[in-house]
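# A structural walkthrough
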Amino acid sequence: RPSESIFSFGGRGMKYVLVTGGVVSGLGKGVTASSIGVVLEACGLRVTSIKIDPYLNTDAGTMSPFEHGEVFVLDDGGEVDLDLGNYERFLDVTLTKDNNITTGKIYQSVLDKERKGDYLGKTVQVVPHITDAIKDWIESVSLIPVDGKEGQADVCVIELGGTVGDIESMPFIEALRQLSFSVGQENFCLIHVSLIPVLGVVGEQKTKPTQHSVRELRALGLTPHFLACRSAQPLLEATKAKLSQFCHVPAANILNIHDVPNIWHVPLLLRNQNAHHSILKQLNLTSVATAPDLDSWTKMAETFDNLTDHVKIAMVGKYIGLTDSYLSVVKALLHACIACSLKPQIEWIAASDLEDESEKSTPEAHAAAWKILKCAECILVPGGFGDRGVSGMVLAAKYARENKVPYLGICLGMQIAVIEFARSVLGLERANSTEFDAQTPDPVVIFMPEGSRTHMGSTMRLGSRRTHLESRDSLTSKLYGDVCYVDERHRHRYEVNPEVSQVLEEAGLRLVGKDDTGKRIEVQKDIERTSIMHHNPFFSFLISRLVWSLYLCKICFWFEQVIELHDHPFYVGVQFHPEFKSRPTRPSPLFLGKSLFSFQN
């Protein structure tokens, strides 16, 4: 449930903009909601965002990337829907895990209250208890400042996941209906995103799906003030007139979000249709808002459209079947490329296609994967879990190291680089991570002591953590601006084994970033097991006292967070995820790479 501190904020009434979706999923409600926030911010208003996901999971942390896309990680360790990444990138805000509401969180909070007796023996029901919990959560979280300033925001943009009519979203629809009534019409604006398809045979823009979607929404007690119509081509005036007539929405409030060259055009589309003016009028904010200033967005959108030079980037991953699995990585590459006046040409490579076994089973895919890898100008190995494709990633890291191809390894990609170096340079043929081979004689990557082996949800190292950079002459330190530490977001259960650090460094792998928060409780357990093996009571007593002393002193090992190769143009691995903090106007230094030096000079 939301932390108690959020109830301490007060002030003027909040304005709410609710974004719902109909007809089909995947219409771009997240981009639409983010773009609405951008336009309102450009009018001088402060904006916050909430994403409602009606699934029963407590959070997105245990979901498969193939099913739900990437898991976005927040500063406070929240594992949330990827749409919150869109909000942070578009609005340049820092959200909290409470900004992502799920059915699991709501029901858990209500059941916890019931167990404590907070309902005084009443029958706990969906209405009013679940709906009240949803309203309380929304009203409380909307008051949390997310832009680094004091006081609450002016407008809260709420995105309701799924499509209208889904059974799982019914309690949220009812709660939002009640919220719209309680806050009043001038504090609530509903924008319904729908699809206007064109049948290939007829060639006519069809409005019937949107009509049915709006009819269902109105039957549930919510009447849209705006329609945001997704289409391949701009809407015809006749189509707008038909939608206005049958959906009871003024023609001026029917917004067309047609396909554009890049998503940075979407806020410009809304501005060009005077969406900001109509929304401000609905929310009674015209007197405090200014004319929208979107010059920076216009520049970004036009710059990207006019780029002609490309850079080929090989993305060697496990989940390439759904590109949303690496959405933040793709966006970070985009931010960096535009800063370098380059258009990213991402070549997706399934890591398993690089493996030797693939040469026998799928020779064509194997040959194609290696051809792409060898033609790439740089190689990126992103994060992931499980042993599938690991051998292919190791081969990609080896190719990059031996052929001086720029390499960036993120999370698992860093661990892969360490495993490959240990095998190829140190001669430890069976060097591995205990995640992939629990019996490996040379565990160069190990399970983190503070992790849980029995529970999967929220048991990793999560959120913003400090990484100390030991040497300011390291490439990573220079990229970040000659700093001695960086704060980046983490999401992992395994890290480089500190016992092999010295051997790796002596062989030429620079370990330039370390984290001092890992408590090695395994050392205590090993000593305890040793004492049990001895029958001498006095020896056992001494060992047990030593164990207790170690525990009291909280002995720490430095866990390696950043690796570099000194004889390579760019070979960097980081345990954290720099992509989560990349912004359109502030690309991640690690994604910019050495090109950053030319900007600084």
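Everything below is about the structure printed above this text.
These lines cover the structure that appears in this document, whether it is placed above or below. All values reported here derive from a predicted model rather than from experimental measurement.

### Considering the sheet that holds strand β14 (residues 431-433)
Spatially, three strands are ordered β14-β15-β18 in an open sheet, and the strand pairing comes out mixed. The open sheet has two free edges, formed respectively by β14 and β18 (494-496), since each of these has just one partner strand. Across the sheet, the mean angle from the axis of one strand to that of its neighbour is 25°, orientation sign disregarded. Alignment of strand β15 (residues 442-447) against β18, held across three bridges, turns out to be antiparallel. Looking across to β18, one finds that V445 is bridged to V496. Against the sheet, helix α16 (residues 412-424) touches β14, β15 and β18, its axis set at about 165° to β14.

### Considerations on the pairing of strand β21 (residues 571-574)
Residues Y571 and G573 line one face of β21 and the alternating positions V572 and V574 line the opposite face, and both faces are buried. As defined by bridge partners, strand β13 (residues 407-410) adjoins β21 across four bridges and the pair is classed as parallel. When the sheet's bridge partners are listed, I410 is paired in β21 with V574.

### As for the pairing of strand β12 (residues 378-381)
What you see with β12 is no split at all: C378 and L380 on one side and I379 and V381 on the other are buried throughout. Relative to β12, strand β10 (residues 310-317) runs parallel, the two sharing three bridges. Counterpart to M315 in the pairing with β12 is L380. Two elements, β12 and β13, share three bridges in a ladder whose sense is parallel. Among the inter-strand pairings, L380 is bridged to a residue of β13, identified as L408. In this region the chain leaves β12, passes through helix α15 (residues 390-402) and returns to the parallel neighbour β13; the handedness of that crossover is right-handed.

### Examining the layout of surface pockets
As a volume, the largest pocket reaches approximately 1200 Å³. Around the largest pocket, the lining comprises 44 residues; the ones closest to its centre are V31, L82, N86, D324 and L327. Elements that contribute at least two residues to the lining of the largest pocket include exactly α1 (29-42), β2 (47-53), α2 (65-68), α3 (83-91), β9 (254-258), α12 (327-339) and β11 (343-350). Its residues assigned to classes, the lining of the largest pocket comprises 19 nonpolar, 13 polar and 12 charged.

Conventions adopted
Residues numbered from 1 in each chain as written. Predicted model: local features only at pLDDT ≥ 70, side-chain atom pairs only at ≥ 80, totals over all residues. Heavy atoms only, no water. Pairing = 2+ DSSP bridges. Helix = DSSP H or I, 4+ residues; strand = E, 2+ residues; numbered from the N terminus. Axes fitted to C-alpha atoms, helices over the stretch in contact; angles between N-to-C directions. Contact = heavy atoms within 4.5 Å. Buried < 20%, exposed > 50% of the residue type's maximum accessible area, 1.4 Å probe, protein only. Right-handed = clockwise from strand over helix to strand, strands pointing away. 1 Å grid on protein atoms, 1.4 Å probe; cavity = no way out; pocket = protein on both sides within 12 Å on 5 of 7 lines; lining within 4 Å. Points joined across faces, edges and corners; volume = space filled by probe spheres on them. Nonpolar A, V, L, I, M, F, W, Y, C, P; charged D, E, K, R; others polar.

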